[in-house]
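Analysis of the macromolecular model
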Amino acid sequence: MNENMTSDATQVVSAPAFEATQYAANVDCPVCHTPNPPSETYCMDCGFMLSSAPVDVSDMPKPESVGKLVSSDGALEFPLKRGENTIGREAADVLLVNSTVSRKHGRVFVEDAGAFIEDIGSANGTFVDGVKLEPNQRAEIKDGSEITIGSVVMKYIAPELAEPEPIACEATQEIEVEPADDSAKTEELEEPAEAAPEAEAAEEPEQSIAEESVAQPVGHLVPKDGVAALALCEGVNTIGRREGANTVVVSDPYCSGRHADLTVQDGVFTITDVGSTNGTLVNGAPLEAHAARELQAGDEITLGRPVFTLEVSNA
Amino acid sequence: MNDSTQMIFPDDPNKTRVGGFDPNATQMAGGMPGGEGNRTMMAGSQQAITVECLVENSYAMATENSRQHLVARITASGTGMGVRMPVNLCLILDHSGSMEGPPLDYMKSACGYVVDLLEPNDVLSIVAFSDTAQVLMPARRVVNKALIKEHIMRLEVGNTTNLFDALALGASQVASAPAQGYVNRALLFTDGEPTAGNKDFASIVGQVVEQKSRGITFTALGFGPEYNEELLASIAKRSGGNYYYITRPELIPEIFRRELETLMMIVARNVKLRVHMSRWVQVRQIYGKLPAFGHRSAEVTLSDMERGETQSAVIELGLEPRPGGKYRIATVEVSYDDSVTGRPETISADAIVEFTTDPSQIASGVNQMVLREVEIAEASKSLERTVMGMRTQQVSSADAVRELERTRMLLLDQGKTMQAQDIQKAIDDIHGGAAPEKTLMGTIANMDREKNR
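Residues numbered from 1 in each chain as written. Chains lettered and ligands numbered in written order. Predicted model: local features only at pLDDT ≥ 70, side-chain atom pairs only at ≥ 80, totals over all residues.

1. Things to note about the confidence of the model for chain A
Residue and element names in this part refer to chain A. A residue-level look at chain A finds 73% of positions with pLDDT of 70 or above and a mean pLDDT of 76. Predicted confidence is poor over residues 1-22, with pLDDT under 50, and the contacts of this stretch with residues over four places away or in other chains come to 30 contacts. Segment residues 161-214 is flagged for pLDDT under 50; beyond a separation of four residues in sequence, or across chains, it makes 113 contacts in the model. (pLDDT = per-residue confidence, 0-100. Contact = placed C-beta atoms within 7 Å.)

2. Examining the pairing of strand 8 (residues 114-119) of chain A
Residue and element names in this part refer to chain A. With burial as the criterion, only one face of strand 8 is covered, namely that bearing A115, I117 and D119; the residues G114, F116 and E118 on the opposite face remain uncovered. Examined bridge by bridge, strand 7 (residues 106-111) and strand 8 share six bridges and lie antiparallel to one another. Counterpart to E111 in the pairing with strand 8 is G114. Between strand 7 and strand 8, which pair antiparallel one after the other, the connecting turn spans two residues. (Buried ≥ 20, exposed ≤ 12 C-beta atoms within 10 Å, placed from the backbone. Helix = DSSP H or I, 4+ residues; strand = E, 2+ residues; numbered from the N terminus. Pairing = 2+ DSSP bridges.)

3. Re the sheet that holds strand 16 (residues 235-240) of chain A
Within a beta sheet, neighbouring strands are joined by backbone hydrogen bonds and run either parallel or antiparallel to one another. Residues and elements named next belong to chain A. In space, the five strands of this open sheet follow the order 17-16-18-19-22, with mixed pairing throughout. Only two strands of the sheet have a single neighbouring strand rather than two, namely strand 17 (248-249) and strand 22 (292-295). Note: strand 18 (residues 260-265) against strand 19 (residues 268-273), six bridges, orientation antiparallel. Along strand 19, the bridge assignment pairs D261 with T272.

4. Remarks on the sheet that holds strand 20 (residues 280-282) of chain A
Residues and elements named next belong to chain A. Sheet architecture is open: six strands sit in the order 15-14-24-23-20-21, paired in antiparallel fashion. This sheet does not close on itself; its edge strands, each paired only once, are strand 15 (230-232) and strand 21 (285-286). Relative to strand 23 (residues 300-303), strand 20 runs antiparallel, the two being bridged by three bridges. Within strand 23, the position partnered with V282 by the bridge is I301.

5. Some points on the packing of helix 6 (residues 229-239) of chain B against helix 12 (residues 437-446) of chain B
All names here are of chain B. Two numbers describe how helix 6 lies on helix 12: the axes approach to 9 Å, and their chain directions differ by 20°. When the axes of helix 6 and helix 12 are compared, the pair comes out roughly parallel. Crossing of helix 6 against helix 12: the hand is right-handed. Contacts between helix 6 and helix 12 involve E229, E230, A233, A236 and K237 from the former and E437, K438, M441 and A445 from the latter. A class-by-class count of the residues in the contact of helix 6 with helix 12 yields four nonpolar, no polar and five charged. (Axes fitted to C-alpha atoms, helices over the stretch in contact; angles between N-to-C directions. Parallel < 35°, antiparallel > 145°, perpendicular 65-115°, else oblique. Left-handed = near helix turned anticlockwise from the far one by under 90°. Nonpolar A, V, L, I, M, F, W, Y, C, P; charged D, E, K, R; others polar.)

6. Looking at unusual backbone geometry
When glycine is set aside, most residues are seen to have a negative phi, and most peptide bonds are trans. The phi torsion at D266 of chain A lies on the positive side, around 50°, for a residue other than glycine. With respect to the element layout, D266 of chain A can be found in the loop between strand 18 and strand 19.

7. Section: the environment of L412 of chain B
Within the secondary structure, L412 of chain B sits in helix 10 (residues 397-413). Residues within four places of L412 of chain B in sequence aside, it is in contact with T417 and A420 of chain B.

8. Thoughts on the nonpolar core
The tendency in soluble globular proteins is for nonpolar side chains to be buried as a group. Grouped together as the largest cluster of nonpolar side chains are 137 residues, with contacts concentrated most on I49, I92, V127 and L188 of chain B. Not counting residues within four places of it along the chain, the set of residues in contact with I49 of chain B comprises I74, T75, A76, S77, V267, A268, M305, V334, Y336 and I347 of chain B. Ranked by size, the runner-up nonpolar core spans 23 residues in total, among them C255, L262, F269 and L310 of chain A. (Core = buried A, V, L, I, M, F, W, Y, C linked by C-beta atoms within 7 Å.)

9. Thoughts on the confidence of the model for chain B
Residues and elements named next belong to chain B. For chain B, mean pLDDT is 83; residues scoring 70 or higher make up 88% of the total. Residue range residues 1-44 is modelled with pLDDT below 50. Its contacts to residues more than four positions away, or to other chains, number 68 contacts. Among the prediction metrics, the complex's ipTM stands at 0.74, with pTM recorded as 0.68.

Below, the structure written as structure tokens:
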């Protein structure tokens, strides 16, 4: 009895130290799936506030995407709207603040029959694929058409290719769940136009959150004291106290900021303590840090102080 | 980590507000990408300038393309710095034929005035130009004031105006003296259009921009009715310096003194503002500036800042639809050389907008202060149009006066009395049969600046 108490006292440090949190895993943005270092408050790519959950708007009417004009260096981008889009140096839809562009330079029309451009009497002219337009004469533009406005060179990107389609968000439970797979995602950082990750079949976030492919939990950590069960997903589930840094947040002061990784792969569950202060126990046996340990359904897992039971969903 | 190539914006003021956030988070984020910037975020450290980022609306529609203005307001601290920085000044003086008589005499006495105000720590050089440019006095410490004045008095009138060579020579004089810890400035005084050497405006302004990248700022003083106000204003604007219009010769010494006083109060030089956009955000324009666009960024040069001064940049953004929630749509980053510490510094602020599907929230989220700044920026644009219109005689005097009167009321309304007075002066000019363009150019150049001291 006495022995037990002392061993408890040495194991459980009352004030959680922060060292363990320094090497936390990346946090994937729930909106654009960019991995972010846990220190970021806002997603480095799309700016989403990582400590919050996105509101799904996929059932709301969306503006029709009718293509866009992009400058040749990619720095300027103008989404077009159906109907008339004005081009000019001042108060235009396609606003080009450049001395070679007239105040009112031209117009782009997006119609059922296609996209057309017209020069409305500019000083330095408008060219489509090197051919100068006569004033007030419409010319059709196609995907990839090079449009020169004064000295500004732009490209027309047709709708099918212009679609920015990351608009549906993941299942937004209280605990953000998402398998982390950094290696597959980092390539996308270079390509802002392509938002949805294609590499992972497990979590393709399509139009609707109702679709079953979205982050379906493969198991749960059921707490002993019986509050809400924590969902586990295929892949790596990072567990810890710190919101925004973990896919599974355990808000108990004895749980480290980054405590453990629970990996689910082909139905096999393994847990690794990532150097937590108060340790991880499986069925009462402490784990060595950074050593993976396979789990079975019904195993009792202690994360610092709180105790959970692993529940495996039927596939 | 794979993501190390991404930009990190460490000193996010919002960071510390997020509940339950790990205190280590702010430490880990430290260190500026690219390296040399000094972050002085510790409590109690003195930052010469601060930046604040205001959004036109704290909400935006999540389901529509929308536009929104941002105001980046940069303020130089008004107190405390104590000792002034030494200046490294080059006077670039026009002594072309048209300067003969009182103008040349007043210019000489103005220079004598400058010499009197400088101290042995300061460095002065003098370049004089007419047909060619010559170094009247190479850069040296202001020790023997009598001797320097003697140099100035020897100046006689020449013929034409070789502005291009003069700017190059003046810049080389500033560059020849040690830059560290000095306020570098070339002060151009001219009364005419360039008539000799390279007369191409684009080349002249291009040269100024190039010198600016080496840390040399030009202030342009235009005297009399003949000089080209557009050229001088853009020399000043593009290099972060000041533009003055001097109407009468007896005012020359006063304006020289005013500029020198300004120089002695400078706390931040080489001020640059960079807007980093998040995904689904585009910068459409930065009012009154020609931004250099990069990958999801836009950069502009701002004026050197004196103590107590505020300047704002009004930025128009295009926002694309996205899932609802709070986003950082942009980060504005201001880099500058701190005149007090002599080190490059970087500060930043975030623009946070919540994307919603509820139109009533949009109506509630408007920031009137931003709308007022936008109005001022628009007024500045319309002034520019008026100036152009008068020059090409497409705008009649009566129309111009009406337009100016409207702008004046707007400025008064918003407490910009200094600029409103300038407009009144321009209106008086028109009534008196004089051309108001030179005055107005100065108003336009100073529209985004405010001095509170």
